[in-house]
Amino acid sequence: MSEFSTRLHLRRKELGLSQEELAQRMGYRSKSSITKLEKGINDLPQSKVEELAAALETTPAYLLGLDTPCPPPGFEPLPAMTQVPLIGSIACGTPITAEQNIERYIGVPAAWRADFALTCHGDSMSPTICDGDIVCIRCQPEVEQGEIAAVRIGGEATLKHFHRQGDAVMLLADNAAVCPPMIFTGLQLEELHIEGRAVGLCRGL
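Residues numbered from 1 in each chain as written. Predicted model: local features only at pLDDT ≥ 70, side-chain atom pairs only at ≥ 80, totals over all residues. Heavy atoms only, no water.

(A) Representation of helix H1 (residues 3–15) within the structure. Relative to the 18 Å expected for 13 residues at 1.5 Å per residue, H1 spans 18 Å between its end C-alpha atoms, a close match to the ideal helical length. The complete set of buried residues in H1 reads Phe4, Ser5, Arg7, Leu8, Arg11 and Arg12. When H1 is viewed along its axis, its buried side chains cluster within an angular range of 170 degrees and face the same direction. Among the exposed residues of H1, those oriented more than 90 degrees off its buried face are Lys13 and Glu14. On its buried face, H1 is in contact with helix H2 (19–26), helix H3 (32–38), helix H4 (46–55) and helix H5 (60–63). Gly16 occupies a position one or two residues after H1 and carries a positive phi of about 70 degrees. (Helix = DSSP H or I, 4+ residues; strand = E, 2+ residues; numbered from the N terminus. Expected span 1.5 Å × (residues − 1). Buried < 20%, exposed > 50% of the residue type's maximum accessible area, 1.4 Å probe, protein only. Arc of directions from axis to C-beta. Contact = heavy atoms within 4.5 Å.)

(B) Spotlight on the pattern of salt bridges. Throughout the structure, instances matching the rule amount to 9 salt bridges. Between Glu147 and Arg197 there is a salt bridge, with the nearest N and O atoms lying 3.9 Å from each other. Residue Glu147 is found in the loop between strand E4 (134–139) and strand E5 (148–153), and its partner Arg197 is found in strand E9 (residues 192–202); the two are separated by 50 residues along the sequence. Glu147 sits in the partly exposed class, given a relative accessible area of 22%. (Salt bridge = Lys/Arg side-chain N within 4 Å of Asp/Glu carboxyl O.)

Here it is in structure tokens:
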């Protein structure tokens, strides 16, 4: 159906009018004219648009779909947003998104499909992630080699590139001068919990 047909049908329904009642308002002998307009079979002469708009208690611009402003050239609409919890300090033994860990909620693009966010402290991931940046995380128990993962070690969460080599896990920083490789083997792996992978970065919040 055309925009006109769709809006005609929706507006009639909003008013609780039957096709017969709208036909009477328009002076038509039967509802068939309204049926054909709503199905897009017939076009309405321009001279009749104002009359139909009045019968539907609306405007010709609405019926013709001209009431939606056109964005200027080069304009990009804002993405759909969602709210995720920003995690502050982490309490040992509690899920990372437990209420006592949540500092506040922030708006992030919904397309990221993030589950929570962490504030980065320090320069170990600089220049990719800088001190004070907020990193959005999607919860998942495994990450691909080399992806930036949110890894919990005891009661601390760290953001590092994740690598698995045989029975060992290595967490690598972008700035090795600040943080050398962290290697976990054997029983040390029990301290390690992958919370998810980084899916977006916010600055200046």
